[in-house]
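In case you want the letters, here they are:
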Amino acid sequence: MKLGEGVEAAIHCTATLASVEGNSTMPGAALAECFGLSASYLLKHLNMLTAASILESVPGPAGGYRLARAAERITLLDIVLAIEGREPAFRCGEIRRNGPVKIDASAYVKPCGINAAMLKAERAYRAALAELKLSDIVADYAAEGDPRSFAASCAFVARHQRPQKSSSTPQKQM
């Protein structure tokens, strides 16, 4: 199974936003800079994450993006589905019916075994992603990642996060 490049960017961006303090935000341009991506390319994916209620977009000069809910309530499956969509990766076209010898449709009452096997594998893959919380990914990086990389990431977030003034701005639920 091949996932689009946007999935990697989406997971890295949400992990980075998990480190933003309180109700602060981070501009999309800063997230793009953080990972060496084109801002216009990343914006498409940030908008998908916002539409899926994983991120919240805050407008205005001090605006940007932040998690819409606590990292403990975001799974890798949530992120993958926001970027890739909910359709299964394998789509059976029933090509078994397309050969030169035409057989009556009644010969195909049982589901295609290949389709059944592929959908079973997809369910297992999705179940594994559903068990992985964004907060666990971030905690593992903090505990097991190279300390230089972790320190650089924290410094980047500290430099680019934008505190929000209004107390009416929703807080992430922890």
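Per chain, the residues get numbers from 1 upward, laid out in the order the sequence is written. Predicted model: local features are reported for residues with pLDDT of at least 70 only, side-chain atom pairs are reported and counted for 80 or more only, and whole-chain, interface and lining totals are derived from all residues. As a rule here, side-chain values come from all non-hydrogen atoms in the structure, and water together with hydrogens is ignored.

Going by what an unreviewed UniProt entry lists, the chain is known as Rrf2 family transcriptional regulator and is assigned to Mesorhizobium jarvisii.

Caption draft 1: Geometry of the pairing of strand 2 (residues 64–67). The rule for pairing is simple: two strands pair if DSSP sees at least two bridges between them. A run of DSSP states H or I qualifies as a helix once it reaches four residues; a run of E qualifies as a strand once it reaches two. Both are numbered from the N-terminal end. The pairing of strand 1 (residues 55–58) with strand 2 spans four bridges and is classified as antiparallel. Residue pairing for strand 2: leucine 55 is matched across the bridge by leucine 67. Count of turn residues in the strand 1/strand 2 antiparallel hairpin: five residues, of which glycine 60 carries a positive phi of about 105°.

Caption draft 2: Quick peek at the nonpolar core. In terms of nonpolar packing, the biggest core is built from 31 residues, with Leu17, Met26, Leu46, Leu49, Leu55 and Ile79 touching the most fellow members. Only helix 1 (5–17), helix 2 (28–35), helix 3 (39–51), strand 2, helix 4 (76–84) and helix 7 (147–160) provide two or more residues apiece to this core. The biggest single contributor to this core is helix 4, with seven residues. What makes two residues a contact is simply this: any of their non-hydrogen atoms within 4.5 Å. In this structure leucine 49 touches Ala10, Thr14, Ile54, Leu55, Ile79, Ala82 and Ile83, once residues within four positions along its chain are discounted. What makes a nonpolar core is a set of buried Ala, Val, Leu, Ile, Met, Phe, Trp, Tyr and Cys residues whose side-chain atoms join them at distances within 4.5 Å. Throughout, exposure labels follow a simple rule: accessible area from a 1.4 Å probe, protein chains only, divided by the maximum for the residue type, with under 20% read as buried, over 50% as exposed, and the rest as partly exposed.

Caption draft 3: Highlighting the packing of aromatic side chains. Each aromatic pair joins two rings of Phe, Tyr and Trp (for Trp, the six-membered one) with centres within 6.5 Å, and gets the label stacked for planes under 30 degrees apart, edge-to-face for over 60, and tilted for any other angle. As enumerated under the stated definition, the model contains one aromatic pair in all. When the ring of tyrosine 141 is compared with that of phenylalanine 150, the centres are 5.6 Å apart and the planes differ by 70°; the resulting orientation is edge-to-face. The exposure class assigned to phenylalanine 150 is partly exposed, which follows from its relative accessible area of 27%.

Caption draft 4: Looking closely at the packing of helix 1 against helix 3. Helix 3 packs onto helix 1 with a crossing angle of 70° between their chain directions and a minimal axis gap of 10 Å. If you check the angle between helix 1 and helix 3, you find them roughly perpendicular. Like other packed secondary-structure pairs, helix 1 and helix 3 cross with a definite hand, here right-handed. Across the interface between the two elements, Glu5, Gly6, Ala9, Ala10, Cys13 and Thr14 from helix 1 touch Tyr41, Leu42, His45, Leu46 and Leu49 from helix 3. Note on residue classes: Ala, Val, Leu, Ile, Met, Phe, Trp, Tyr, Cys and Pro are nonpolar, Asp, Glu, Lys and Arg are charged, and everything else, Gly too, is polar. Class assignment of the residues belonging to the contact of helix 1 with helix 3 gives a composition of seven nonpolar, three polar and one charged. For every element, the axis is a line fit to its C-alpha atoms; helices are fit only across the contacting stretch, and the angle between N-to-C directions ranges from 0 to 180 degrees. Just so you know how the angles are binned, under 35 degrees is roughly parallel, over 145 roughly antiparallel, 65 to 115 roughly perpendicular, and the rest oblique. Whether a crossing is left-handed or right-handed is set by the direction in which the near helix is turned from the far one by less than a right angle, anticlockwise for left-handed and clockwise for right-handed.

Caption draft 5: Molecular detail of the environment of proline 27. Along the chain, proline 27 turns up in the loop between helix 1 and helix 2. In this structure, proline 27 is in contact with Gly63, Gly64, His160 and Arg162, ignoring residues within four places of it in sequence.

Caption draft 6: How the structure looks around unusual backbone geometry. The phi torsion at serine 53 lies on the positive side, around 60°, for a residue other than glycine. With respect to the helices, strands and loops of the structure, serine 53 is situated in the loop between helix 3 and strand 1. Relative accessible area serves as the criterion here: at 43%, serine 53 is assigned to the partly exposed category. The phi dihedral of glutamate 94 falls on the positive side, at around 55°, and the residue is not glycine. Mapped onto the fold, glutamate 94 is located in the loop between helix 4 and helix 5 (113–131). Owing to a relative accessible area of 25%, glutamate 94 belongs among the partly exposed residues under this scheme.

Caption draft 7: Broad picture of the pattern of salt bridges. Any carboxyl oxygen of Asp or Glu within 4 Å of a side-chain nitrogen of Lys or Arg constitutes a salt bridge here. Going through the model one piece at a time under the given rule, you end up with six salt bridges. With a closest N to O distance of 3.4 Å, arginine 97 and glutamate 94 form a salt bridge. The exposure class assigned to arginine 97 is partly exposed, which follows from its relative accessible area of 34%. Here arginine 148 and aspartate 146 are joined by a salt bridge, their closest N and O atoms 2.7 Å apart. By relative accessible area, which is 66% here, arginine 148 ends up exposed. Members of the salt-bridge network, linked through shared partners, are Glu94, Arg96 and Arg97.

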